[in-house]
Amino acid sequence: MKTIIKGVAATLCLSWILPIFVVDAAAETAPTIENMRYGKYKENVMDIYLVDSATPVPLAIFIHGGGFKSGTKTQVDDTDVKETLLAAGISVATIDYRVTADKEYTLDQILREDMTLAVQMLRHRAASLNIDPAHFAAWGNSAGAGAALYLGVADDIADPTNTDPVRRQSSKIQVVGHLAGQSTYDTTQWASIVDVDPNWAELSEFEDDLYWFNVDSRDQITPEMYAKVDIAALFTADDAAIYSEKTPDRYGTDAGPINLDFDSIIDDDEREEAKRAARVLIAHSSKHALFIGEHCTAVGLTCEIITTIEPGPKRELSDFMIEQLLPTP
């Protein structure tokens, strides 16, 4: 077991971070397969970028952000992670999934059905895609990070007796990349995790959870509903290796206290902007990563945590994923 908690300064010594591969961010690789269907809903499609190899290769699945209310699989091109993984010999999939914008689906359904089914479909297709079903990773930013964390720690839903061969496949992954994401979607825990006023949601007018639970007011959310999306409660010793990072370039710095004294702001526009900023910082706080690190330590998982809390160097997510997915020469 290895839990490493690192700090990162707002300005890093770039000469210290030596990339394994030189990637031309402008030369984006086109998908090998576009809009492959993995479920019955119109949103259940994925693009796949396959490595040309004589033997099966690991797979990394990108899950887009957007607060589970919006977003698209094309966000995989917003960073160079995809190209770095492909250059290392790791195939990549990027998925679309149902969202809660119209309050038609709940977050629990998205996590428990869409995310797991995407993994199961890819394992079912492993032979034809030339991917190694024993070496799967998932990564994402914000909501995509939370979804990747869910896949890394949730119980395996494989049903060996199911008549559907896809449902017989494992839904577990071996590596998680969690970038500025959340540690749990039981938002009643966020006050203690982030160390803010227990009434932060009302004060900042946070409403994402109303969409996640398909309710009109927070008092309609039951403990049972919160429990279904409490990812932090799922950690066990046989879960994935986890890389969790929150740095200043992802949703700003949160090294100091988060201001929730909005009544002191006279200008209406400034007050609304301050509320929005507080919502962003609370949802993407470094302390979510530290909370994940505590759970990794408690159960004995390999975990690398990088935050703004203390200055120091860091390595990139792609380096961690390559180390975990590929055999040492």
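Refer to the preceding data block for the structure.
Because the structure is predicted, anything quoted here is derived from the model rather than measured. (Residues numbered from 1 in each chain as written. Predicted model: local features only at pLDDT ≥ 70, side-chain atom pairs only at ≥ 80, totals over all residues. Heavy atoms only, no water.)

## A short note on the overall build of the protein chain
Scanning the protein chain from terminus to terminus reveals 11 helices and nine strands. In the protein chain, which comprises 329 residues, the share counted as buried stands at 51%. The long-range fraction of contacts in the protein chain, counting pairs at least 24 apart against all pairs at least 6 apart in sequence, stands at 75%. Carbon and sulfur atoms provide 52% of the accessible area of the protein chain, an area that totals close to 14600 Å². (Helix = DSSP H or I, 4+ residues; strand = E, 2+ residues; numbered from the N terminus. Buried < 20%, exposed > 50% of the residue type's maximum accessible area, 1.4 Å probe, protein only. Contact = heavy atoms within 4.5 Å. Areas by Shrake-Rupley, 256 points an atom, 1.4 Å probe, with all protein chains shown as cover.)

## Overview of the packing of helix H1 (residues 81-88) against helix H11 (residues 317-325)
Following both chains from N to C, one finds H1 and H11 inclined at 30°, their axes separated by 10 Å at the closest point. Accordingly, the angle class assigned to the pair H1 and H11 is roughly parallel. H1 and H11 meet at a crossing whose hand is right-handed. Across the interface between the two elements, Thr 84, Leu 85 and Ala 88 of H1 pack against Ser 318, Met 321 and Ile 322 of H11. Partitioning the contact of H1 with H11 into residue classes produces four nonpolar, two polar and no charged. (Axes fitted to C-alpha atoms, helices over the stretch in contact; angles between N-to-C directions. Parallel < 35°, antiparallel > 145°, perpendicular 65-115°, else oblique. Left-handed = near helix turned anticlockwise from the far one by under 90°. Nonpolar A, V, L, I, M, F, W, Y, C, P; charged D, E, K, R; others polar.)

## Notes on H11
Burial analysis of H11 places seven of its nine residues in the buried class, which makes it a mostly covered element. Burial in H11 covers these residues: Leu 317, Ser 318, Asp 319, Phe 320, Met 321, Ile 322 and Leu 325. The secondary structure elements touched by the buried residues of H11 are strand S4 (57-63), H1, strand S6 (131-141), strand S7 (175-179), strand S8 (241-245) and strand S9 (303-307).

## Regarding the nonpolar core
Counting residues in hydrophobic clusters, the biggest one holds 95 residues, and the most contacted among them are Ile 61, Ile 63, Phe 68, Leu 122, Trp 139 and Ile 242. Broken down by element, the residue count for this core peaks at nine residues, all from helix H2 (residues 107-124). If sequence neighbours within four positions are ignored, Ile 63 has contacts with Ile 95, Tyr 97, Met 115, Ala 138, Trp 139, Gly 140, Asn 141, Gly 144, Ala 147, Ala 148 and Leu 151. (Core = buried A, V, L, I, M, F, W, Y, C linked by side-chain atoms within 4.5 Å.)

## Some details on the pairing of S6
Examined bridge by bridge, S4 and S6 share six bridges and lie parallel to one another. What sits directly across from Ile 61, in S6, is Ala 138. Judged from the five bridges that link them, S6 and S7 form a sheet pairing that is parallel. Bridging across to S7, Asn 141 finds its partner in Leu 179. Taken together, S6, helix H4 (residues 143-153) and S7 constitute a β-α-β crossover, and its handedness is right-handed. (Pairing = 2+ DSSP bridges. Right-handed = clockwise from strand over helix to strand, strands pointing away.)

## Side note on the packing of aromatic side chains
The geometry of an aromatic ring pair is captured by two quantities: the separation of the ring centres and the angle between the planes. Per the stated rule, a full pass over the model turns up 13 aromatic pairs. With a centroid separation of 5.0 Å and 55° between ring planes, the pair formed by Trp 200 and Phe 206 is classed as tilted. On the accessibility criterion, Trp 200 (2% relative accessible area) is buried. A relative accessible area of 4% means that Phe 206 is categorised as buried. Stacked on the ring of Tyr 41, the Lys or Arg Arg 98 has its end atom at 4.0 Å from the ring centre. Residue placement shows Arg 123 over the ring face of Phe 136; its charged tip is 4.3 Å from the ring centre. (Phe/Tyr/Trp six-rings, centres within 6.5 Å; stacked < 30°, edge-to-face > 60°. Lys NZ or Arg CZ within 6 Å of the ring centre and 35° of its normal.)

## Considerations on the pattern of salt bridges
This structure, assessed with the given rule, holds 22 salt bridges. As a salt-bridge pair, Arg 98 and Asp 114 come within 2.5 Å of each other at their nearest N and O atoms. Taken together, the residues span a long stretch of sequence, with Arg 98 in the loop between strand S5 (91-95) and H2 and Asp 114 in helix H2 at a distance of 16 residues. Here Asp 114 falls in the buried class, since its relative accessible area comes to 2%. Across the pair Arg 271 and Asp 268 runs a salt bridge whose closest N-O atoms are separated by 3.0 Å. You can see Arg 271 and its partner Asp 268 sitting in helix H9 (residues 268-283), three residues apart, about one turn around the helix. Through salt bridges with shared partners, a single network forms among Arg 98, Asp 108, Arg 112, Glu 113 and Asp 114. (Salt bridge = Lys/Arg side-chain N within 4 Å of Asp/Glu carboxyl O.)

## Here's the deal with the layout of surface pockets
Of the volumes computed, that of the second largest pocket is approximately 360 Å³. Residue lining of the second largest pocket: 19 residues in total, with Gly 67, Phe 206, Asp 208, Ala 283 and His 284 positioned closest to the centre. When contributions to the lining of the second largest pocket are tallied by element, the ones reaching two or more residues are helix H7 (208-212) and H9. Broken down by element, the lining of the second largest pocket gets its largest block of residues, four residues, from H9. Of the residues contributing to the lining of the second largest pocket, the split by class is eight nonpolar, five polar and six charged. (1 Å grid on protein atoms, 1.4 Å probe; cavity = no way out; pocket = protein on both sides within 12 Å on 5 of 7 lines; lining within 4 Å. Points joined across faces, edges and corners; volume = space filled by probe spheres on them.)

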